[in-house]
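# Analysis of the macromolecular model
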Amino acid sequence: MKYVLLFGGTMEGVDQLPEDQRAQATADYEQSGKWFEKYYKNGKVIGGHELQGPGTATTVSRKDGRITVTDGPFIESKEVVGGFAVIEVADLDEALAMAKEWPGTVEIRPIVDHSRES
Amino acid sequence: MAGHGRDPADSRPLAGELTGSRTTTPAAVAAVFREEAGRLTAALVRILGNFDVAEEVVQDSLVAALERWPEQGIPDNPGAWLMTTARRRAIDILRRDRRYAEKIALLDHSTLPDDPAEADDRLRLIFTCCHPALPQDAQVALTLRAVAGFTTAEIAAAFLVAEPTMAQRIVRAKRKIVAANIPYRVPEGPDLPARLETVLAVLYLMFNEGYLSRGGAVAMRRDLAEDAMWLTSLVDRLMPNQPEVLGLLALMQLNVARSAARFDAAGDMVLLADQDRSRWDRDAIAEGVRTLDSAALLRRPGPYELQAAIAAVHAEARTWEETDWRQIVLLYDSLLRMGDSPVIRLNRAIAVSHVAGPQVALGEVNDLAMALGGYHLLHSARAELLEQLGEHELARQARLRALDLCQNPAERALLVRKQGG
């Protein structure tokens, strides 16, 4: 069963944070690097990337046949998606166990499996 | 299904040829559903590997039974009757899909496991229904349906929700179980404590919902408090020596033991202080205390065990005045050490008023005004303490505030009576 893990948070703007928060963010960042290493090695992570910050995002939207290009991410929220991983595991509990080791917020979404369609 | 191998369940008489000897009261039907539905669902999930279909066809068989049994009587082997009905329904559904050909063959030869100890999968079922990936209202509804054999209509009635809304909630949750591949498994190791806590929270919510509406105007086919208690003892049987399971069971038993005295002949709610203690069920209290003792023997007290201990102190006091309030304050202190909560602080303050007087208690209650300003019991507790201090006008104002905030009709009636007196 494949799931996508969406990771909350980004390193964008971290250098403007107060010292203690910056240190925490840096520690978490290192931790997330180790997480990827561990799960790539044992084959649970089959894809994924860290994303550049929301300041680099551009959104193309379509309304009434008109296409507009705007600056910024399309999800209007304080939370930002900072990266994602595609994982292949037995079930939701295994995905949950992996997500619990991630140093931050994670959304777990099962993928739509088109390969089962005939 | 004629022509296929018939198993023992098939040889049971079906509609039209029932020789049911049991009386078909709603309580008797409920008792049968409770015993059979969970086993049946669990067995079918195992055979089909599909929670959604299994749960659905069991529900269909319960609805069919509700239609037929009142006229024809409860069959001699109701479990087999339900299994046959559910299996036929499953075959109907699965026939439409070629991928399930093998499953149909399996279904044709399946029976309910004869040895309940060997194949009681209901624990797995409970943990799946109470998976934290599901919203709590759906956890409650699914557990009632799949494990305790409630119909959707009964759940909707119990929670005062329109039936289509409840049905929708259940459909969504079941879809998520399948789509997100929520496993059908009892969690192990470090996951177990938190998962068990989720299960117990569901059972406690169910219990409170049933217990608080007891004696109320609405008569129900199923007694939610009774079913919650049954489910908790089922968890205890399937997962013995878990202190918090025993603690919660004791808490429920001790509350139910006193429930006859909670309402007077006119149907009005009676506070603990004013209850006729001769109407408490002494045998049930003794049973609750025994359950509590077996929890205490495990020496890992948790919040439910402590709340049960508080309930036991009340239950064992012959009069309100003889209540061991010091012990109750100490128990609340332990409870607060496990997790600070303003509601526990409020209850502790009420106990404190009996040990250190209303003035001290009022100070503690006032400290909670920020956290619990919208909670009617804070204001009714203030009213009570102010009354004791002779501050009748302030008491009256506090009671008015409580009335503004209180939703429960029985509690409102009580406040109105106090205001009048």
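None of the values given here were measured: they were computed from a predicted structure. (Residues numbered from 1 in each chain as written. Chains lettered and ligands numbered in written order. Predicted model: local features only at pLDDT ≥ 70, side-chain atom pairs only at ≥ 80, totals over all residues.)

## Concerning the overall build of chain A
In terms of helices and strands, chain A carries two helices and six strands. Along the chain direction, N to C, the helices and strands of chain A fall in the order β-α-β-β-β-β-α-β. Each of the three principal axes of chain A carries a C-alpha extent, and together these read 50 × 40 × 20 Å. A separation of at least 24 residues holds for 73% of the contacts in chain A among residues at least 6 apart in sequence. (Helix = DSSP H or I, 4+ residues; strand = E, 2+ residues; numbered from the N terminus. Contact = placed C-beta atoms within 7 Å.)

## Re the overall build of chain B
A tally of regular secondary structure across chain B gives 20 helices and zero strands. Looking at chain B as a whole, 39% of its 421 residues qualify as buried. Contacts spanning at least 24 positions in sequence make up 65% of the contacts within chain B whose residues lie at least 6 apart. (Buried ≥ 20, exposed ≤ 12 C-beta atoms within 10 Å, placed from the backbone.)

## A word on the pairing of strand S4 (residues 66-71) of chain A
Residues and elements named next belong to chain A. Judged by how many residues are buried, S4 sits mostly at the surface: zero of six residues are covered. In this sheet, S4 lies alongside strand S3 (residues 58-63) in antiparallel orientation, the contact comprising six bridges. Looking across to S4, one finds that Ser61 is bridged to Thr68. Where S3 folds back onto S4 in an antiparallel hairpin, the turn is made up of two residues, including Asp64, whose phi is positive at roughly 50°. (Pairing = 2+ DSSP bridges.)

## Description of the sheet that holds strand S2 (residues 45-50) of chain A
Residue and element names in this part refer to chain A. The four strands lie next to each other as S2-S5-S1-S6, forming an open sheet whose pairing is antiparallel. Single-partner strands in this sheet number two, and they are S2 and strand S6 (106-110). For this sheet, the mean inter-axis angle between neighbouring strands, taken without regard to orientation, is 15°. Looking at chain direction, strand S1 (residues 2-8) and strand S5 (residues 81-88) are connected through seven bridges and run antiparallel. Its bridge partner being in S5, Leu6 is matched across the sheet by Phe84. (Axes fitted to C-alpha atoms, helices over the stretch in contact; angles between N-to-C directions.)

## Section: the interface of chain B and chain A
Chain B puts six residues into the contact, and the matching count from chain A is five residues. In the side of chain B that touches chain A, the residues fall into five nonpolar, one polar and no charged. (Nonpolar A, V, L, I, M, F, W, Y, C, P; charged D, E, K, R; others polar.)

## Quick notes on the environment of B:Pro303
In this fold, B:Pro303 is placed in helix H13 (residues 303-316). In the structure, B:Pro303 is positioned 18 residues away from B:Glu321 in sequence and 26 Å away in space, judged by C-alpha atoms.

## Thoughts on the environment of A:Ile111
Residue and element names in this part refer to chain A. Among the structural elements, Ile111 can be located in the segment after S6. On the basis of neighbour count, Ile111 is assigned to the exposed category, with 12 C-beta atoms found within 10 Å. Residues Ile111 and Thr26 lie 85 residues apart in sequence; the distance between their C-alpha atoms is 31 Å. If we skip the residues at most four places from it in the chain, Ile111 touches Lys2, Tyr3 and Val4.

## Observations regarding the nonpolar core
Residues and elements named next belong to chain B. Within the largest apolar cluster, 122 residues are counted, with the highest numbers of intra-cluster contacts made by Leu44, Val199, Leu203, Ala228, Leu254 and Ala308. Taken domain by domain, this core gets at least three of its residues from each of domain 1 (8-108) and domain 2 (343-421). Not counting residues up to four positions away in its chain, the partners in contact with Leu44 are Ala54, Val57, Val58, Ala86 and Ala90. (Core = buried A, V, L, I, M, F, W, Y, C linked by C-beta atoms within 7 Å. Domains from an automatic or database assignment.)

## Quick look at the domain arrangement of chain B
Taken domain by domain, chain B comprises domain 1 (8-108) and domain 2 (343-421). For domain 1 of chain B versus domain 2 of chain B, the distance between C-alpha centres works out to 52 Å.

## What about helix H2 (residues 92-100) of chain A?
All names here are of chain A. Listed in full, the buried residues belonging to H2 are Leu92, Ala95, Met98 and Ala99. Viewed along the axis of H2, the buried residues span an arc of 120°, placing them on a single side of the element. Exposed residues pointing more than 90 degrees away from the buried face of H2 are listed as Ala97 and Lys100. Next to the buried residues of H2 lie S1, helix H1 (19-41), S5 and S6. (Arc of directions from axis to C-beta.)

## A closer look at the pairing of S5(A)
Note that S2(A) and S5(A) share five bridges and pair antiparallel. Across the sheet, the residue bridging to A:His49 is A:Phe84, located in S5(A).

## Examining helix H1 (residues 26-48) of chain B
Residues and elements named next belong to chain B. Between its first and last C-alpha, H1 extends 31 Å over 23 residues, near the 33 Å set by a 1.5 Å rise per residue. Its axis deflected by about 30° at Glu36, H1 carries its strongest bend there. Looking one or two places after H1, you find Gly49, whose phi comes out positive at around 65°. (Expected span 1.5 Å × (residues − 1). Bend = angle between axes of the 7 residues up to and from the residue.)

## Remarks on the packing of helix H19 (residues 392-405) of chain B against helix H20 (residues 409-420) of chain B
Residue and element names in this part refer to chain B. At their nearest, the axes of H19 and H20 sit 10 Å apart, and the two run at 160° to each other. As summarised for this structure, H19 and H20 are arranged roughly antiparallel, according to the angle between their axes. Once H19 is placed against H20, the crossing between them reads as left-handed. Only Arg412, Leu415, Lys418 and Gln419 of H20 make contact with H19, whose side of the interface consists of Arg396, Arg399, Ala402 and Leu403. (Parallel < 35°, antiparallel > 145°, perpendicular 65-115°, else oblique. Left-handed = near helix turned anticlockwise from the far one by under 90°.)

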